[in-house]
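# A look at the structure
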Amino acid sequence: MATWQDFEQEAPELAALVRARFEADKHHVLATLRKDGSPRVSGTEVEFVGADLWLGSMYHAVKARDLQRDGRFALHSHPGNETMEGGDSKIAGLVVEVTDEVELLAFAAELPEPPPTPFHLFRLDLRQVVHTSLEGDHLWVLNWHPGRPVERIQLH
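In this report, the structure presented in the accompanying data block is examined. It should be emphasised that the depicted structure is a prediction, and the values quoted were computed from it without experimental measurement.

What counts, and where the lines are drawn
- Residues numbered from 1 in each chain as written.
- Predicted model: local features only at pLDDT ≥ 70, side-chain atom pairs only at ≥ 80, totals over all residues.
- Heavy atoms only, no water.
- 1 Å grid on protein atoms, 1.4 Å probe; cavity = no way out; pocket = protein on both sides within 12 Å on 5 of 7 lines; lining within 4 Å.
- Points joined across faces, edges and corners; volume = space filled by probe spheres on them.
- Helix = DSSP H or I, 4+ residues; strand = E, 2+ residues; numbered from the N terminus.
- Nonpolar A, V, L, I, M, F, W, Y, C, P; charged D, E, K, R; others polar.
- Phe/Tyr/Trp six-rings, centres within 6.5 Å; stacked < 30°, edge-to-face > 60°.
- Buried < 20%, exposed > 50% of the residue type's maximum accessible area, 1.4 Å probe, protein only.
- Lys NZ or Arg CZ within 6 Å of the ring centre and 35° of its normal.

## Things to note about the layout of surface pockets
Considered as a void within the structure, the largest pocket measures approximately 770 Å³ in volume. The wall of the largest pocket is formed by 30 residues, among which Lys26, Glu45, Glu47, Leu111 and Pro115 lie closest to the centre. Top contributing element to the lining of the largest pocket by residue count: strand E4 (residues 52-58), with five residues. Broken down by class, the residue content of the lining of the largest pocket amounts to 17 nonpolar, four polar and nine charged. When its volume is computed, the second largest pocket comes out at roughly 220 Å³. What lines the second largest pocket is a set of 15 residues, among which Tyr59, Glu101, Leu104, Pro118 and Phe119 lie closest to the centre.

## Topic: the packing of aromatic side chains
According to the stated counting rule, one finds four aromatic pairs in the structure shown. Consider the rings of Trp4 and Phe7, whose centres lie 5.0 Å apart with planes at 75°: the pair is edge-to-face. Taken together, the positions of Trp4 and Phe7, both in helix H1 (residues 4-10) and three residues apart, correspond to about one turn of that helix. The class of Phe7 is buried, set by a relative accessible area of 0%. Centroid distance Trp4 to Phe48: 4.8 Å. Interplanar angle 70°. Geometry classified as edge-to-face. Remark: Phe48 occurs in strand E3 (residues 46-49) and Trp4 occurs in helix H1; sequence separation between them is 44 residues. Accessibility classification places Trp4 together with Phe48 in one group, the buried group. We note Arg152 situated over the ring of Trp140; from NZ or CZ to the ring centre the distance is 3.9 Å.

Structure follows, in structure tokens:
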């Protein structure tokens, strides 16, 4: 499992860019898989708490049921405005649901405002992180996978 902290240790500069992008806005876009395998997109919020990046959900929401059935996800930072200021970040991986009441209460205690209860909580296991930015006339893509160096790709 690759935690947010693992990512920060392996790719600190990229992690700072991606975290800034996710903290710049509250709402982001989550892709999950429906029962029939087709994609579903939902609005979501994420939290950086401890060593991990977390995703919460209202109890029994369809995105939570999707993730319980198939933990694969893709998360896209709020697209922002048309200027690409701050870049564009995406994270893909698997979720691990936390169901232990003590862990749920400890997580909620770390937040400025605790979530309504009951709620679903998922720890994100990072498998890929991508940050795209515009520098001058060039589009740059930074691509990370656990255990590998960051790949920097220039697109014209």
